[in-house]
Amino acid sequence: MKSLKFKNGDELFPIGLGTWKSKPGEVKNAVISALESGYKHIDCAAIYGNEKEIGEAFNEVFSKGEIKREDVWITSKLWNNAHLPQDVEPAMKQTLNDLQLDYLDLYLIHWPVAFKPDVQSPEGPEDYLTPQEAPISETWKAMSQLKEKGLAKHIGVSNFSKQKLEELIANTGEIPEMNQVELHPLLQQNDLFEYCSKQGIHLTGYSPLGSGDRSDGMKQENEPNMFEKTAVQKIASKHNVSPAQVLINWSAQRGTAVIPKSTNPGRIKENLEAARLQLDKDDLKDLAQLDEHYRYVTGKFFEVEEKGYKNIYDE
Ligand code: NDP
């Protein structure tokens, strides 16, 4: 399984642990279990509301000394209410404090959408800042300063379309090192994939298993279940692996990072073991045919036209 290589020589093992919706009381054990099973890559975000507990896990594991901080790649994300340049460093420092770390391997702008500083979750258009009030290029410049200061080794974005990447690059003259977006066989995003490959922007695929627990009200009608797709089941039984392992390996074999979430120790191990699978040409052909441009995370919740956020993914 190939690692993702960065310009400064750093390498990222593609399979990481996702932590969105990992509940308090569960996430600490999940992170400990992942690190003890050999994970070298953990994906966090301030808005997941669980960074303090993840910090306890890091502290416990790293202080034992068998697993070293510098051998683990830790990502976190700037929430939408801290896009104003003066708010970026304090938000990151809060994350560092919560995670009990002195640097992050990767810090991402979570969404190309800005809220007012005191708004965690917007209730109406009045809770947003327009792109003119909070230009993303200014947020990016503040992110660059975090890298210069050594607080983040790498910086990037999340949920950015090709168009938004082009705008950011044109306005700042800088290329983000990573774009974290939804990716799986039902949403292959081939155009974005090609564009990012050409620009040297790595991709991390989120919701690789279809996002699972949808009790947060985000569940859409007739949501497809990827585990039940005939091609996925056929490939899983051919290689004697689980459908989840097929989906995870598809991403990693494609050259992207992938961050399946689990709080179950057995499934945490199973997901990492997907690295051992080798999908063949026929498998990849069958999986390529599953693309239906289906999003589990539609981004519709942030589309507020009167505030300049018309179509999050520019589709
Ligand atoms: P995933 O697609 O990773 O699915 C998680 C669900 O799959 C959970 O219900 C989990 O349950 C279940 N699951 C995990 N492993 C297996 C397995 N081997 N077999 C069967 N079921 C399994 O969902 P997410 O949406 O959480 O995406 C992954 C991560 O991506 C997030 O946790 C977050 O870190 C990141 N993300 C980033 C976003 C962004 O805007 N940048 C948006 C969305 C996600 P259980 O825990 O019980 O195992």
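Residues numbered from 1 in each chain as written. Predicted model: local features only at pLDDT ≥ 70, side-chain atom pairs only at ≥ 80, totals over all residues. Heavy atoms only, no water.

Bringing the overall build of the protein into the picture now. A count of helices and strands for the protein gives 10 helices and 11 strands. Taken over C-alpha atoms, the radius of gyration comes to 19 Å for the protein, in line with the 20 Å a tight globule of 315 residues would show. Along the longest, intermediate and shortest principal axes, the C-alpha atoms of the protein span 55 × 45 × 40 Å. A total of 315 residues make up the protein; the buried ones form 55% of that total. Accessible surface, the protein as shown: approximately 14400 Å² in total, 46% of it carbon and sulfur. (Helix = DSSP H or I, 4+ residues; strand = E, 2+ residues; numbered from the N terminus. Rg over C-alpha atoms; globule rule 2.2 N^0.38 Å. Buried < 20%, exposed > 50% of the residue type's maximum accessible area, 1.4 Å probe, protein only. Areas by Shrake-Rupley, 256 points an atom, 1.4 Å probe, with all protein chains shown as cover.)

On to the UniProt feature "binding site: substrate" (unreviewed entry) in the protein. Under the local residue numbering, the UniProt record ascribes the feature "binding site: substrate" (unreviewed entry) to H110. By secondary structure assignment, the location of H110 is in the loop between β5 (104–109) and β6 (114–115). In contact with H110, other than residues within four places in its own chain, are A45, I47, Y48, K77, L78, W79, N80, S158 and N159. (UniProt positions renumbered as here; feature names shortened; annotations may be inferred. Contact = heavy atoms within 4.5 Å.)

The element β5 is extensively covered by neighbouring structure, given that six of its six residues are classed as buried. Relative to β5, strand β4 (residues 73–78) runs parallel, the two being bridged by four bridges. Within β5, the position partnered with L78 by the bridge is I109. In this region the chain leaves β4, passes through helix α3 (residues 85–99) and returns to the parallel neighbour β5; the handedness of that crossover is right-handed. Pairing geometry for β5 and strand β8 (residues 152–158), over five bridges, is parallel. Opposite I109, over in β8, you have V157 as the bridge partner. (Pairing = 2+ DSSP bridges. Right-handed = clockwise from strand over helix to strand, strands pointing away.)

When two helices pack together, their arrangement is given by the angle between the helix axes and by the axis-to-axis distance. Packing of helix α7 (residues 230–239) against helix α10 (residues 281–288) brings their axes to within 9 Å, and their N-to-C directions diverge by 160°. In terms of orientation, α7 and α10 fall into the roughly antiparallel class. Note that α7 runs across α10; the crossing there is left-handed. On α10, the residues touching A231, V232, K234, I235, K238 and H239 of α7 are D283, D286 and L287. Split by residue class, the contact of α7 with α10 holds four nonpolar, one polar and four charged. (Axes fitted to C-alpha atoms, helices over the stretch in contact; angles between N-to-C directions. Parallel < 35°, antiparallel > 145°, perpendicular 65-115°, else oblique. Left-handed = near helix turned anticlockwise from the far one by under 90°. Nonpolar A, V, L, I, M, F, W, Y, C, P; charged D, E, K, R; others polar.)

On to the pattern of salt bridges, then. Scanning all chains against the criterion turns up 18 salt bridges. For the salt bridge of D286 with K234, the shortest nitrogen-to-oxygen distance reads 3.2 Å. Here D286, found in helix α10, pairs with K234, found in helix α7; they are 52 residues apart in sequence, far enough to count as distant. When its relative accessible area of 23% is taken as the criterion, D286 is described as partly exposed. What emerges from the salt-bridge pattern is a single network uniting K28, E56 and E60. (Salt bridge = Lys/Arg side-chain N within 4 Å of Asp/Glu carboxyl O.)

An order of β3-β4-β5-β8-β9-β10-β11 is seen for the seven strands of this open sheet, with the pairing classed as parallel. Each edge of the open sheet is held by one strand with a lone partner, namely β3 (41–43) and β11 (257–258).

Another aspect to go through is the nonpolar core. Ranked by internal contacts, the top residues of the largest apolar core, which has 72 residues, are I15, V31, I42, F58, I74 and M143. Those residues in contact with F58, other than ones at most four positions away along the chain, are V31, L35, I42, S63, I74, L99 and L101. Of all hydrophobic cores here, the second largest spans 18 residues; its members include A114, A134, V297 and I312. (Core = buried A, V, L, I, M, F, W, Y, C linked by side-chain atoms within 4.5 Å.)

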